[in-house]
Amino acid sequence: MSYDLIVIGTGPGGYVCAVKAAQLGMKVAVVEKRKSHGGTCLNVGCIPSKALLHASEMFEEANHSFEALGIKIGKPKVDWKGMQAHKDKVIEGNTAGIDYLFKKNKIDIFTGTGRVLAQGKVEVLAEDGSTQIVECKNIVIATGSDVMPLPGIEIDEKTVVSSTGALELDKVPGRLLVVGAGVIGLELGSVYQRLGSKVTVVEFMDKILGPMDGDVSKQFQRMLKKQGMEFKLSSKVTGVDKKGKALEVTVEPAAGEAAAETMEADVVLVAIGRRPYTEGLGLAEAGVKLDERGRIETDAHYKTNVDGIYAIGDVIKGPMLAHKAEDEGVALAEILSGQAGHVNYEVIPGVVYTSPEVASVGKTEEELKAAGIAYKAGKFPFSANGRAKAMLKADGFVKVLADKETDRVLGVHIVGHGAGEMIHEACVLMEFGGSSEDLGRTCHAHPTMSEAVKEAALATFAKPIHM
Ligand code: FAD
Ligand code: NAI
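About the thresholds
Residues numbered from 1 in each chain as written. Chains lettered and ligands numbered in written order. Predicted model: local features only at pLDDT ≥ 70, side-chain atom pairs only at ≥ 80, totals over all residues. Heavy atoms only, no water. Salt bridge = Lys/Arg side-chain N within 4 Å of Asp/Glu carboxyl O. Helix = DSSP H or I, 4+ residues; strand = E, 2+ residues; numbered from the N terminus. Buried < 20%, exposed > 50% of the residue type's maximum accessible area, 1.4 Å probe, protein only. Domains from an automatic or database assignment. Buried area = accessible area lost by both parts, 1.4 Å probe. Polar contact = N/O pair within 3.5 Å; in protein donor to acceptor, adjacent residues only side chain to side chain. Nonpolar A, V, L, I, M, F, W, Y, C, P; charged D, E, K, R; others polar. Near = heavy atom within 4 Å. Areas by Shrake-Rupley, 256 points an atom, 1.4 Å probe, with all protein chains shown as cover. Contact = heavy atoms within 4.5 Å. Axes fitted to C-alpha atoms, helices over the stretch in contact; angles between N-to-C directions. Parallel < 35°, antiparallel > 145°, perpendicular 65-115°, else oblique. Left-handed = near helix turned anticlockwise from the far one by under 90°. Pairing = 2+ DSSP bridges.

(A) Summary view of the pattern of salt bridges. Taken as a whole, this structure holds 27 salt bridges when the rule is applied. Lys-35 is paired through a salt bridge with Glu-127; the nearest N and O atoms lie 3.1 Å apart. In this pair, Lys-35 sits in the loop between strand 2 (28–32) and helix 2 (39–44) while Glu-127 sits in the loop between strand 5 (121–125) and strand 6 (131–141), placing the two residues 92 residues apart along the sequence. Residue Lys-35 shares its accessibility class with Glu-127, and that shared class is exposed. Here Lys-376 makes a salt bridge to Asp-407, at a shortest N to O gap of 3.0 Å. Within this pair, whereas Lys-376 is found in strand 20 (residues 375–381), its partner Asp-407 is found in the loop between strand 21 (397–403) and strand 22 (409–416), the two being separated by 31 residues in sequence. Assessed through its relative accessible area of 9%, Asp-407 is described here as buried. Overlapping salt bridges, with partners in common, bring together Asp-213, Asp-215, Glu-365, Lys-379 and Lys-399 in one network.

Shown next, in the form of structure tokens:
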């Protein structure tokens with residue numbers, strides 16, 4: 001059997017590419033070494049973390065917000081095993097969904113580790129040690145990414161954990177020390193903070209969520225502090241020692257001038273980024289070039305330097321996000337079937353699923369300043385939004401950045417309840433090259449949180465009504 005396309009890795013990049021290619025008439029096979037499909041995202045990433053984020057947010061609401069809404073209940077208790085069972089059921093349901101899609105689209109599945117032997121030849125090594133060689137016209141590498149280790153610190157996934165271990169701790173730790181104030185650190189830190197852990201986040205840079213808009217990062221840190229999360233910025237963790245049942249963590253200033261201090265924790269979560277996963281793929285032997293950061297180098301059409309070998313998702317450059325991987329999967333399937341597949345990297349939203357959520361698309365103020373682009377900013381707080389007040393979700397704001405001359409919207413940043421849903425009207429607007437006036441003059445239903453998006457847009461070219 002020879003295939004039109006073999007996709008190695010069935011994460012959001014790989015499975016979406018396979019499904020789209022099959023929909024476009026190609027004979028497709030996938031190779032996956034995990035027992036279940038869906039990659040990092042469905043098994044140990046986006047989906048399980050959101051299951052725990054939602055459950056812990058509900059607990060937090062019941063614990064602290066119900067009374068203010070006029071609801072009296074007894075003191076809610078955390079059933080950690082129950083929360084884990086909820087998470088596991090969600091993973092099962094979602095990964096089973098991918099099996100269904102493969103079957104529906106007549107995609108063949110090879111279980112094992114895929115290795116590129118040459119153009120058009122993939123070897124699959126099964127768990128029992130047996131191998132088979134599968135032939136095809138084109139190969140797509142969608143092997144994703146893996147945890148970035150912290151030099152000198154051993155991750156045992158029990159007390160010193162990566163995000164994977166943090167999703168299945170035996171119990172809620174008394175003290176959690178998070179290394180890295182990025183997306184994983186703040187999301188999983190929030191889960192445990194709500195469930196009762198004392199959470200301290202040690203971050204190398206002088207701000208949390210480094211690439212986000214400075215305004216967003218500053219105000220969001222204030223909100224997390226109010227929730228009880230502690231931060232040690234401009235600092236790095238240089239050692240973790242077991243001391244009885246506890247961990248002694250050595251923390252040094254990032255600049256390295258002052259003396260080191262030690263902190264105690266029960267669990268340490270290392271969340272300092274992820275790195276492309278190319279191990280065991282035989283890329284060097286096949287002559288596939290990597291870039292300086294170990295990512296597979298591709299052209300704008302996802303083609304590597306070797307004909308017939310393509311790559312998408314976390315394993316190539318760009319933000320390590322599931323929706324970016326998915327869109328590349330679709331674009332590549334379209335390109336391979338002769339269509340004009342395309343991803344607009346200027347309009348890829350980023351969402352942090354904390355409470356409140358943080359959502360962002362396009363340029364930050366810092367990026368616009370650095371690029372010398374003249375812009376105007378409009379801002380509107382949720383404290384002036386009726387729906388937000390009715391729901392006791394009045395923290396946060398919307399900020400719209402538009403070109404000073406043309407009024408074209410260049411970036412939208414939201415901190416607030418439901419920000420991850422609201423950001424998409426900005427994405428559609430930006431995809432069509434819309435202006436802040438287009439957004440500000442679009443009728444928004446009342447009362448909705450989204451009215452704050454309209455008002456922030458109004459604030460860039462006129463005056464908002466409710467402020
Ligand atoms: P992956 O999902 O990593 O899939 C790659 C697959 O390839 C894996 O199943 C792996 O087993 C398989 N594989 C690797 N090598 C081989 C081989 N040689 N042979 C066969 N199979 C192989 N992104 C978001 O957009 N939103 C979120 O909310 C979000 N939350 C996250 C939370 C956590 C805790 C983590 C860790 C990540 C999160 N991400 C999130 C990032 C997201 O998971 C990744 O961007 C996304 O999964 C990348 O998709 P991918 O298809 O490129 O790779
Ligand atoms: P990240 O890149 O978001 O954050 C890592 C943080 O660790 C940075 O702020 C960095 O300055 C800091 N850091 C690096 N070395 C350090 C050190 N030695 N000491 C202290 N701090 C240090 O990476 P993270 O959080 O691990 O997430 C990995 C990827 O997963 C992200 O790129 C993100 O795209 C994806 N992800 C996306 C989510 C979402 O979209 N909601 C959720 C979770 C992960």
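(B) Inspection of the domain arrangement of the protein at higher detail. In terms of domain boundaries, the protein breaks down into domain 1 (2–147 + 275–336), domain 2 (160–272) and domain 3 (350–461). Surface buried jointly by domain 1 and domain 3 totals about 540 Å² across both partners, of which 62% is contributed by carbon and sulfur atoms. In terms of surface lost to domain 3, no three residues of domain 1 exceed Lys-50, Glu-57 and Leu-69, which account for 53% of the buried area on that side. Note that Lys-393 is salt-bridged to Glu-61, the shortest N-O span being 2.5 Å. On inspection of domain 1 and its partner domain 3, the count reaches 1 residue pair in polar contact (both at pLDDT 80 or more). Looking at the side of domain 1 that touches domain 3 residue by residue, the classes come out as 3 nonpolar, 1 polar and 3 charged.

(C) Geometry of the site of ligand 1. What surrounds ligand 1 is a group of 39 residues, the closest being Glu-32, Thr-40, Lys-50, Gly-114 and Ala-322. Residue Pro-12 places a main-chain N or O atom 3.3 Å away from an oxygen atom belonging to ligand 1. Between an oxygen atom of ligand 1 and a main-chain N or O atom of Leu-321, the distance comes to 3.2 Å. Protein coverage of the free-state accessible area of ligand 1, which is 990 Å², stands at 95%. For the shell around ligand 1, the elements supplying multiple residues, two or more each, are helix 1 (12–23), strand 2, helix 2, helix 3 (46–65), strand 4 (113–118) and helix 9 (322–336). Within the shell around ligand 1, the residues separate by chemical class into 15 nonpolar, 18 polar and 6 charged.

(D) Looking closely at the site of ligand 2. Around ligand 2, the structure places 21 residues, and the nearest of them are Glu-187, Glu-203, Gly-273, Met-320 and Val-351. With respect to ligand 2, the side chain of Glu-187 contributes an N or O atom lying 2.8 Å from a nitrogen atom. Contact between ligand 2 and Glu-203: an oxygen atom at 2.6 Å from a side-chain N or O atom of the residue. If ligand 2 stood free it would expose 850 Å²; the protein chains cover 78% of that surface. Elements supplying a minimum of two residues to the shell around ligand 2: helix 6 (183–195) and strand 12 (235–243). Residue classes in the shell around ligand 2 are distributed as 13 nonpolar, 4 polar and 4 charged.

(E) Structural detail: helix 3. Buried within helix 3 we find Pro-48, Ser-49, Ala-51, Leu-52, Leu-53, Ala-55, Ser-56, Glu-57, Phe-59, Glu-61 and Ala-62. Structurally, helix 3 contributes buried residues whose contacts are with helix 2, helix 4 (80–104) and helix 6.

(F) Broad picture of the packing of helix 1 against helix 9. Interhelical geometry of helix 1 versus helix 9 gives an angle of 30° and a closest axis separation of 7 Å. Classified by the angle their axes make, helix 1 and helix 9 are roughly parallel. Relative to helix 9, the crossing made by helix 1 is right-handed. Counting all contacts with helix 1, which are made through Pro-12, Gly-13, Val-16, Cys-17, Lys-20 and Ala-21, the residues of helix 9 involved are Ala-322, Ala-325, Glu-326, Gly-329, Val-330, Leu-332, Ala-333 and Glu-334. Within the contact of helix 1 with helix 9, the residues separate by chemical class into 9 nonpolar, 2 polar and 3 charged.

(G) Expanded view of the sheet that holds strand 22. Read from one edge of the open sheet, 5 strands run 18-19-22-21-20, paired in antiparallel fashion. Of all strands in the sheet, those bounded by a partner on one side alone are strand 18 (350–352) and strand 20. With strand direction ignored, the average angle separating the axes of adjacent strands in the sheet is 10°. Note that strand 20 and strand 21 share 7 bridges and pair antiparallel.

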